[in-house]
Amino acid sequence: MSFVFSQFSMETCQLIFQDHPDAMVVLSKEGAILATNKAACAWFGDFPTEMRRIHYQDILCSMMPEFWKDAYHNLLARVNGGERVEGYETICFRKNGTSLTAHLSLFPLRDEAGNVFGSYMIIRDMTEQKQIEASLRESEERYRKVVELSPKGILVHQQGTVVYANPFARRTLQSEQLVGRDILSFFHPDYREVSRDRFFHSEVGQELPFIETVMIRDDGKRIDVEIGGVHILRDGEPAVLSIFRDVTDRKQAEQKLSESEKRYRRLVELSPIAMLVHRDGLIQYANRSCTKLLGAASADELLQQPILDFSPPAYRDAVERRIRELDGTGISIDPTEEQVVRRDKTVIDVEVTGVSIQYEGQPAYLMMIQDITREKQAEEALRESEEKYRLIAESMTDLVTVLDETGVVKYASPSHESVLGIPPETYEGQLAFDVVHPGDVERVKQSFKQMVSTRATMTLEVQLKRFTNGWLWVEASGKPVFDERGNLLHFVIVSRDVTERKVYEKKLEHLAFHDPLTGLPNRRMFRDKFRQALEEAERHERKMAVMYMDIDKFKSINDALGHEVGDELLKQFAQRVQACLRPCDTLARQGGDEFTILLPTITLEVDAVSIAKRIFAAIQEPWKIAGQVFHTTSSVGIAFYPMDGHTRHELLRHADEALYDAKRDGRNTIKAYAMRGHANPNG
């Protein structure tokens, strides 16, 4: 029975030996090869039957340098002395001449008396593992360079202590030694508690949304930053990876923009250009210059008056046609000459231009009116007498120029020196096109040709070179003058500096898409963004959400504290809500105290609820306005795409219905349309 078992064991061992994936070689004490397995034969070549005559050097060392052969001799000697050698890294050569990196292990073979009579060699191919290790090192080096060269500050901190800071973080915080310091020490005292909650009260894998905060550099300077991150594991322990960038310049630019908006509002009121806004044919606003132009005692005298009351019968059809042309925000009309009836029934010649805008949340038309009576009179006087024309032209601040049929200046009014910085006598005799902006030259030449062919006055806006500095926008009215036989004598050009008006127009175009009080996107911009977000959500099959919210009992605040406090509350409310949103989200004012929020991409519905809760937390802080300290609450309705609707109208209506439910249930709460009749998502 024991003989059968021994035979079975020997056969099993032989199979294991032959089929093992590592190369195995049995050696005598002298190094002669006694046996090899299949892997050894495959790597190093088939061995002769007379294996006892072959030395391992003939197989393993035939292509190796002498120092490797000596190393193998030393290993064999150690094993013959009874020592085990494991994991010796070396290089072997296959029968085809290619090398492989291998781990070599040698074990002594003993007889029944314990005497070493040979050794057992195992050769494991480590080439692929070495290649993997090399690739891993290269990958780690690439990612290290990405972090080191990142244009954003990157900090890793554990238990409040900085353990890594990339070069950009050190430059931004003006410190070469950030590692080992308390992470909260870099935050302004007013923001440390918020940062502590974010860093120490979250789980591994949780992302920290980007927020705006204030950090302190080593030189004591405050900087505004956007910071976000994620909770990670570092060396098996929880840590926080924070990424931040300096937004101080942007914040300062925003502050300057706010101040600039106030200045421009004041400039519109004090502008020498008459401006009025009308809606549905009734005047809604008139600045001081317009009040004076129309002969009214005050702007209130003009409000709600029909715009057609100021147009002579011959021009009413043209005015009505212009209003129809402006049916759509942002559409402008070219300057048009017409007449206006003042309050005292006198008629004046004017030049009118305009643009359709949003005024107080509704479509309206902004009209800019210039009294051109003097220009018309000057043109008529020019026909009667060249000398008389000169006297009038030289008393004007506008640029008056006479050009011959080739465009050479024959006369330039004295105002050229004060406006363009070129003496009239220097300008005369030169080609007028030389002072026109290169981008406008071809258009001006075409206008001259059209004036000759149509014998009509042409008006266009061009840029002229100001010899003191830069370029000047002018509105140039040109008229060809013919003799009694119809021959062209010259062109008369009257140009007015409209640089300031161009700035106004650009600003007003901005206001057409933004709420003038809060600076937020208005209904039109929100509608466009909503449409784009729906298209993206449908294309990529992702979720989105829309919120409808307002300030509870806002009218009571307005009535009790005044409209100025109410307006300031709306602005500060918008700022707090905006600070709680992601860069991709859109906050818009719909009118009054109603706001809408577009979340164009969410993973789960709870993401939108989390944002709403963050907003609630932000507006819980007391308001300090005009010496008054008070609290407010808000109600929020949420609708989800595609759960609650597939169109903008459906989603807004459902969000509004959810808002109504929130108010009906006592205000100061969040309601999701999908959860109507279920648990409140506030919990």
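See the structure above.
**Student:** For this particular structure, what's the right way to read the sheet that holds strand β26 (residues 634–641)?
**Tutor:** Strands in a sheet are paired, the pairing made by backbone hydrogen bonds, and the direction either parallel or antiparallel. Strand order across the open sheet formed by 5 strands is β22-β23-β21-β26-β27, with mixed pairing between neighbours. Of all strands in the sheet, those with a lone pairing partner are β22 (586–591) and β27 (670–672), marking the two edges. Taking each pair of neighbouring strands and ignoring which way they run, the sheet shows an average axis angle of 20°. As judged from the 7 bridges shared by strand β21 (residues 543–551) and strand β23 (residues 594–602), these two strands associate in the antiparallel manner. Bridging from a neighbouring strand, M549 pairs with F595 of β23. Packed onto the sheet, helix α17 (residues 523–540) meets β21, β22, β23 and β26 and runs at close to 20° relative to β23. Along the sheet, helix α21 (residues 648–664) makes contact with β21, β23, β26 and β27, crossing β26 at roughly 145°.

**Student:** It is not clear to me how unusual backbone geometry should be interpreted in this structure. Could you clarify?
**Tutor:** Only a minority of non-glycine residues have a phi that is not negative, and only a minority of peptide bonds are not trans. Going from Y641 to P642, the amide bond is cis rather than trans, its omega being 5°. Within the secondary structure, P642 is located in the loop between β26 and α21. Despite not being glycine, N668 has its phi angle at roughly 50°, a positive value. Its place among the elements puts N668 in the loop between α21 and β27.

**Student:** Help me understand the environment of E650 in this model?
**Tutor:** Within the fold, E650 resides in helix α21. Under the relative-accessibility criterion, E650 is labelled partly exposed at 29%. Once the C-alpha coordinates of E650 and A639 are considered, the two residues, 11 residues apart in sequence, prove to be 9.0 Å apart.

**Student:** Help me understand the packing of aromatic side chains, please; the structure alone is not making it clear to me.
**Tutor:** To describe a pair of aromatic rings, one takes the distance between the centres and the angle between the planes. Using the criterion set out here, one finds 7 aromatic pairs in the structure. Here the aromatic rings of F17 and Y120 are separated by 6.3 Å at their centres, their planes lie at 45°, and the arrangement is tilted. Residue F17 is found in helix α1 (residues 2–19), and its partner Y120 is found in strand β5 (residues 116–125); the two are separated by 103 residues along the sequence. On the basis of relative accessibility, which here comes to 11%, the residue F17 falls in the buried class. In textbook terms, an aromatic cluster arises when at least three aromatic residues are bridged by ring pairs, as seen for F433, F448 and F491. Over the face of the ring belonging to F482 we find R455, whose NZ or CZ atom lies 4.1 Å from the ring centre. In this arrangement the basic side chain of R576 is found over the ring face of W623, its NZ or CZ atom lying 3.7 Å from the centre.

**Student:** Just to check I follow, could you spell out the pattern of salt bridges for this structure?
**Tutor:** Oppositely charged side chains can pair when the atoms bearing their charge come close. Taken as a whole and judged by the stated rule, the model has 37 salt bridges. The salt bridge involving E212 is made with R250; its shortest N-O contact spans 2.0 Å. Of the two residues, E212 sits in strand β8 (residues 207–216) while R250 sits in helix α8 (residues 248–270), which places them 38 residues apart along the sequence. Note that R501 and E461 form a salt bridge whose closest N and O atoms lie 1.8 Å from each other. Here R501, found in helix α16 (residues 499–511), pairs with E461, found in strand β18 (residues 458–465); they are 40 residues apart in sequence, far enough to count as distant. Assessed through its relative accessible area of 17%, E461 is described here as buried.

Cut-off values and rules
Residues numbered from 1 in each chain as written. Predicted model: local features only at pLDDT ≥ 70, side-chain atom pairs only at ≥ 80, totals over all residues. Heavy atoms only, no water. Pairing = 2+ DSSP bridges. Helix = DSSP H or I, 4+ residues; strand = E, 2+ residues; numbered from the N terminus. Axes fitted to C-alpha atoms, helices over the stretch in contact; angles between N-to-C directions. Contact = heavy atoms within 4.5 Å. Buried < 20%, exposed > 50% of the residue type's maximum accessible area, 1.4 Å probe, protein only. Phe/Tyr/Trp six-rings, centres within 6.5 Å; stacked < 30°, edge-to-face > 60°. Lys NZ or Arg CZ within 6 Å of the ring centre and 35° of its normal. Salt bridge = Lys/Arg side-chain N within 4 Å of Asp/Glu carboxyl O.

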